[in-house]
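Each chain, written out:
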Amino acid sequence: MDEEKLTHLDEAIRHSMEVECDIRNTRTNWFLVFQAALGGGLIQLLLSNATYYCKLGGITLLSIIGIAISASFIIAAWRSDKAIDMLFAYWDQIRCETGMKIKDYYPISPISKNIIHNFFKNSYDKNNEDSIWEHDIAKRMHIGGLDKLANKCDFLMPYKFLPWMFLFCWIILLVLVWIFSKDVLSVDNMGNSLNIINSR
(Lines give C-alpha, C1' and ligand atoms only; values in the text may rest on other atoms or scores of the structure.)
Protein backbone atom coordinates (compact mmCIF):
# COMPACT_ATOMS: atom_id res chain seq x y z
CA MET A 1 0.00 0.00 0.00
CA ASP A 2 1.54 3.33 -1.06
CA GLU A 3 2.13 6.26 1.27
CA GLU A 4 -0.65 8.43 -0.18
CA LYS A 5 -3.25 5.70 0.29
CA LEU A 6 -2.10 5.13 3.86
CA THR A 7 -2.42 8.85 4.57
CA HIS A 8 -5.99 8.94 3.26
CA LEU A 9 -6.82 5.82 5.24
CA ASP A 10 -5.37 7.35 8.39
CA GLU A 11 -7.45 10.50 7.92
CA ALA A 12 -10.61 8.46 7.24
CA ILE A 13 -10.18 6.39 10.41
CA ARG A 14 -9.53 9.49 12.54
CA HIS A 15 -12.63 11.15 11.09
CA SER A 16 -14.74 8.05 11.78
CA MET A 17 -13.44 7.98 15.35
CA GLU A 18 -14.35 11.65 15.84
CA VAL A 19 -17.83 11.16 14.38
CA GLU A 20 -18.50 8.14 16.60
CA CYS A 21 -17.40 10.05 19.73
CA ASP A 22 -19.66 12.99 18.78
CA ILE A 23 -22.60 10.60 18.31
CA ARG A 24 -21.90 9.03 21.70
CA ASN A 25 -21.82 12.45 23.41
CA THR A 26 -25.06 13.51 21.72
CA ARG A 27 -26.78 10.29 22.77
CA THR A 28 -25.61 10.79 26.36
CA ASN A 29 -26.96 14.35 26.45
CA TRP A 30 -30.34 13.30 25.08
CA PHE A 31 -30.47 10.37 27.47
CA LEU A 32 -30.04 12.73 30.44
CA VAL A 33 -32.67 15.09 29.02
CA PHE A 34 -35.20 12.26 28.73
CA GLN A 35 -34.44 11.02 32.25
CA ALA A 36 -34.79 14.54 33.67
CA ALA A 37 -38.16 14.92 31.93
CA LEU A 38 -39.36 11.57 33.30
CA GLY A 39 -38.15 12.49 36.79
CA GLY A 40 -39.96 15.83 36.63
CA GLY A 41 -43.15 14.12 35.49
CA LEU A 42 -42.84 11.62 38.33
CA ILE A 43 -42.55 14.35 40.97
CA GLN A 44 -45.49 16.29 39.51
CA LEU A 45 -47.60 13.14 39.52
CA LEU A 46 -46.72 12.22 43.12
CA LEU A 47 -47.54 15.71 44.40
CA SER A 48 -50.77 16.03 42.42
CA ASN A 49 -54.30 15.36 43.67
CA ALA A 50 -54.88 12.69 41.06
CA THR A 51 -56.74 9.55 42.01
CA TYR A 52 -55.00 6.45 43.28
CA TYR A 53 -55.39 4.57 40.02
CA CYS A 54 -54.20 7.55 37.95
CA LYS A 55 -51.05 7.78 40.04
CA LEU A 56 -50.43 4.05 39.93
CA GLY A 57 -50.94 3.92 36.18
CA GLY A 58 -48.90 7.06 35.57
CA ILE A 59 -45.93 5.93 37.66
CA THR A 60 -46.05 2.49 36.04
CA LEU A 61 -46.01 4.06 32.58
CA LEU A 62 -43.17 6.45 33.45
CA SER A 63 -41.16 3.57 34.93
CA ILE A 64 -41.64 1.40 31.85
CA ILE A 65 -40.57 4.30 29.59
CA GLY A 66 -37.54 4.95 31.82
CA ILE A 67 -36.56 1.28 31.71
CA ALA A 68 -36.96 1.16 27.92
CA ILE A 69 -34.88 4.32 27.36
CA SER A 70 -32.15 3.05 29.71
CA ALA A 71 -32.01 -0.34 28.02
CA SER A 72 -31.92 1.32 24.61
CA PHE A 73 -28.98 3.51 25.62
CA ILE A 74 -27.10 0.53 27.09
CA ILE A 75 -27.27 -1.16 23.68
CA ALA A 76 -26.27 2.08 21.95
CA ALA A 77 -23.24 2.46 24.26
CA TRP A 78 -22.21 -1.13 23.57
CA ARG A 79 -22.51 -0.56 19.82
CA SER A 80 -20.41 2.60 20.12
CA ASP A 81 -17.66 0.75 22.00
CA LYS A 82 -17.62 -1.99 19.38
CA ALA A 83 -17.49 0.56 16.56
CA ILE A 84 -14.40 2.18 18.10
CA ASP A 85 -12.85 -1.25 18.76
CA MET A 86 -13.40 -2.09 15.10
CA LEU A 87 -11.60 1.08 13.99
CA PHE A 88 -8.63 0.23 16.24
CA ALA A 89 -8.57 -3.36 14.98
CA TYR A 90 -8.81 -2.27 11.34
CA TRP A 91 -5.94 0.19 11.69
CA ASP A 92 -3.79 -2.34 13.57
CA GLN A 93 -4.43 -4.89 10.83
CA ILE A 94 -3.38 -2.43 8.14
CA ARG A 95 -0.33 -1.43 10.17
CA CYS A 96 0.76 -5.04 10.60
CA GLU A 97 0.26 -5.86 6.92
CA THR A 98 2.28 -2.85 5.78
CA GLY A 99 5.03 -3.24 8.39
CA MET A 100 4.40 0.16 10.00
CA LYS A 101 5.76 0.73 13.48
CA ILE A 102 3.72 2.32 16.25
CA LYS A 103 6.17 5.20 16.53
CA ASP A 104 5.77 5.95 12.81
CA TYR A 105 2.31 7.50 13.21
CA TYR A 106 0.38 9.63 15.66
CA PRO A 107 -2.11 7.58 17.76
CA ILE A 108 -5.57 7.61 16.22
CA SER A 109 -7.01 8.07 19.71
CA PRO A 110 -5.56 8.98 23.14
CA ILE A 111 -7.33 6.01 24.73
CA SER A 112 -4.61 4.56 26.99
CA LYS A 113 -6.29 1.61 28.72
CA ASN A 114 -4.11 -1.09 27.18
CA ILE A 115 -0.89 0.87 27.63
CA ILE A 116 -1.56 1.35 31.36
CA HIS A 117 -2.68 -2.26 31.76
CA ASN A 118 0.45 -3.66 30.11
CA PHE A 119 2.66 -1.29 32.08
CA PHE A 120 1.47 -2.64 35.44
CA LYS A 121 1.63 -6.23 34.21
CA ASN A 122 5.14 -5.53 32.94
CA SER A 123 4.09 -7.70 30.01
CA TYR A 124 6.07 -6.01 27.28
CA ASP A 125 8.36 -7.92 24.95
CA LYS A 126 11.94 -6.62 25.22
CA ASN A 127 12.63 -7.98 21.75
CA ASN A 128 9.65 -6.20 20.17
CA GLU A 129 10.20 -2.60 19.09
CA ASP A 130 6.50 -1.66 19.32
CA SER A 131 6.19 -3.15 22.81
CA ILE A 132 9.28 -1.29 24.03
CA TRP A 133 7.96 1.95 22.53
CA GLU A 134 4.58 1.63 24.30
CA HIS A 135 6.33 0.85 27.60
CA ASP A 136 8.53 3.93 27.27
CA ILE A 137 5.45 6.07 26.55
CA ALA A 138 3.76 4.65 29.67
CA LYS A 139 6.75 5.59 31.82
CA ARG A 140 6.57 9.19 30.54
CA MET A 141 2.89 9.33 31.56
CA HIS A 142 3.94 9.31 35.25
CA ILE A 143 1.58 6.44 36.07
CA GLY A 144 0.98 5.85 39.79
CA GLY A 145 -0.83 3.34 41.98
CA LEU A 146 -4.17 5.15 41.70
CA ASP A 147 -3.98 4.89 37.92
CA LYS A 148 -3.98 1.10 38.18
CA LEU A 149 -7.27 1.18 40.11
CA ALA A 150 -8.84 3.83 37.89
CA ASN A 151 -7.86 1.88 34.78
CA LYS A 152 -10.02 -1.01 35.98
CA CYS A 153 -13.07 1.23 36.48
CA ASP A 154 -14.07 1.85 32.88
CA PHE A 155 -17.60 0.79 33.85
CA LEU A 156 -17.88 4.12 35.73
CA MET A 157 -17.58 6.10 32.50
CA PRO A 158 -20.77 8.24 32.30
CA TYR A 159 -22.07 6.69 29.09
CA LYS A 160 -21.68 3.20 30.63
CA PHE A 161 -22.62 3.80 34.27
CA LEU A 162 -25.56 6.22 34.02
CA PRO A 163 -27.92 4.04 31.94
CA TRP A 164 -27.42 1.08 34.28
CA MET A 165 -28.01 3.31 37.32
CA PHE A 166 -31.24 4.71 35.90
CA LEU A 167 -32.34 1.25 34.77
CA PHE A 168 -32.05 -0.15 38.30
CA CYS A 169 -33.69 2.93 39.81
CA TRP A 170 -36.73 2.67 37.54
CA ILE A 171 -37.04 -1.08 38.18
CA ILE A 172 -36.82 -0.58 41.96
CA LEU A 173 -39.37 2.26 41.79
CA LEU A 174 -41.77 0.11 39.78
CA VAL A 175 -41.49 -2.79 42.21
CA LEU A 176 -41.82 -0.62 45.34
CA VAL A 177 -44.80 1.30 43.98
CA TRP A 178 -46.72 -1.90 43.29
CA ILE A 179 -45.81 -3.39 46.69
CA PHE A 180 -46.53 -0.29 48.79
CA SER A 181 -49.01 1.47 46.50
CA LYS A 182 -51.73 1.69 49.17
CA ASP A 183 -49.40 3.47 51.56
CA VAL A 184 -47.67 5.97 49.27
CA LEU A 185 -50.20 6.79 46.57
CA SER A 186 -53.28 7.80 48.53
CA VAL A 187 -54.47 11.33 47.82
CA ASP A 188 -54.61 12.16 51.53
CA ASN A 189 -51.01 11.15 52.16
CA MET A 190 -49.77 13.10 49.15
CA GLY A 191 -51.89 16.08 50.10
CA ASN A 192 -50.42 16.13 53.59
CA SER A 193 -46.91 15.88 52.17
CA LEU A 194 -47.61 18.74 49.78
CA ASN A 195 -48.93 20.93 52.60
CA ILE A 196 -45.79 20.24 54.66
CA ILE A 197 -43.57 21.21 51.73
CA ASN A 198 -45.54 24.40 51.06
CA SER A 199 -45.48 25.39 54.74
CA ARG A 200 -41.70 25.17 54.73
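Refer to the structure presented above.
*Asks:* Describe the pattern of salt bridges, naming the residues involved and giving the relevant values.
*Replies:* A side chain of one charge can pair with a side chain of the opposite charge when the charged atoms of the two come close. Taken as a whole and assessed by the stated rule, the structure comprises 2 salt bridges. Measuring nitrogen to oxygen at the nearest pair gives 2.9 Å for the salt bridge that ties Asp 81 to Arg 24. With a gap of 57 residues between them, Asp 81 in helix H2 (residues 52-98) and Arg 24 in helix H1 (residues 3-46) connect regions that are remote in the sequence. Judged by its relative accessible area of 19%, Asp 81 falls in the buried class. The buried category is assigned to Arg 24, whose relative accessible area is 12%. With a closest N to O distance of 3.4 Å, Lys 160 and Asp 81 form a salt bridge. Here Lys 160, found in helix H6 (residues 158-179), pairs with Asp 81, found in helix H2; they are 79 residues apart in sequence, far enough to count as distant. On the basis of relative accessible area, Lys 160 is assigned to the partly exposed category, the value being 23%. When salt bridges that share partners are traced, they join Arg 24, Asp 81 and Lys 160 into one network.

*Asks:* So what's going on with the packing of aromatic side chains? Which residues, and what values?
*Replies:* Counted under the stated rule, the structure contains 5 aromatic pairs. Three or more aromatic residues joined by ring pairs make a cluster, and in this case those are Phe 31, Phe 73 and Phe 166. In this arrangement the basic side chain of Arg 24 is found over the ring face of Tyr 159, its NZ or CZ atom lying 3.9 Å from the centre.

*Asks:* Residue-level account of the packing of H1 against H6, with values.
*Replies:* Orientation of H1 relative to H6, taken along the N-to-C sense of each, is 20 degrees, at an axis distance of 11 Å. By the angle between their axes, H1 is roughly parallel relative to H6. Viewed along their axes, H1 and H6 form a crossing whose handedness is left-handed. Here H1 contributes Arg 24, Thr 28, Phe 31, Leu 32, Gln 35, Leu 38, Gly 39 and Leu 42 to the contact with H6, which in turn contributes Tyr 159, Leu 162, Pro 163, Phe 166, Trp 170 and Leu 173. For the contact of H1 with H6, the per-class residue count stands at 10 nonpolar, 3 polar and 1 charged.

*Asks:* Describe in detail a nonpolar patch on the surface, supporting the description with residues and values.
*Replies:* Together, Trp 164, Phe 168, Ile 171, Ile 172, Val 175, Leu 176, Ile 179 and Phe 180 give the surface a local cluster of nonpolar side chains, amounting to about 770 Å² of exposed area. Relative to the helices and strands, Phe 168 is located in helix H6. Taking relative accessible area as the criterion, Phe 168 reaches 48% and is therefore assigned partly exposed.

*Asks:* Could you give an account of the environment of Cys 169, naming the residues involved and the relevant values?
*Replies:* Positionally, Cys 169 belongs in helix H6. With relative accessibility at 45%, the residue Cys 169 sits in the partly exposed group. In the structure, Cys 169 is positioned 103 residues away from Gly 66 in sequence and 9.1 Å away in space, judged by C-alpha atoms.

Quick notes on the rules
- Residues numbered from 1 in each chain as written.
- Predicted model: local features only at pLDDT ≥ 70, side-chain atom pairs only at ≥ 80, totals over all residues.
- Heavy atoms only, no water.
- Salt bridge = Lys/Arg side-chain N within 4 Å of Asp/Glu carboxyl O.
- Helix = DSSP H or I, 4+ residues; strand = E, 2+ residues; numbered from the N terminus.
- Buried < 20%, exposed > 50% of the residue type's maximum accessible area, 1.4 Å probe, protein only.
- Phe/Tyr/Trp six-rings, centres within 6.5 Å; stacked < 30°, edge-to-face > 60°.
- Lys NZ or Arg CZ within 6 Å of the ring centre and 35° of its normal.
- Axes fitted to C-alpha atoms, helices over the stretch in contact; angles between N-to-C directions.
- Parallel < 35°, antiparallel > 145°, perpendicular 65-115°, else oblique.
- Left-handed = near helix turned anticlockwise from the far one by under 90°.
- Contact = heavy atoms within 4.5 Å.
- Nonpolar A, V, L, I, M, F, W, Y, C, P; charged D, E, K, R; others polar.
- Patch = residues over 30% accessible without salt bridge, like charges linked within 9 Å, V, L, I, M, F, W, Y side chains within 5 Å.
- Areas by Shrake-Rupley, 256 points an atom, 1.4 Å probe, with all protein chains shown as cover.

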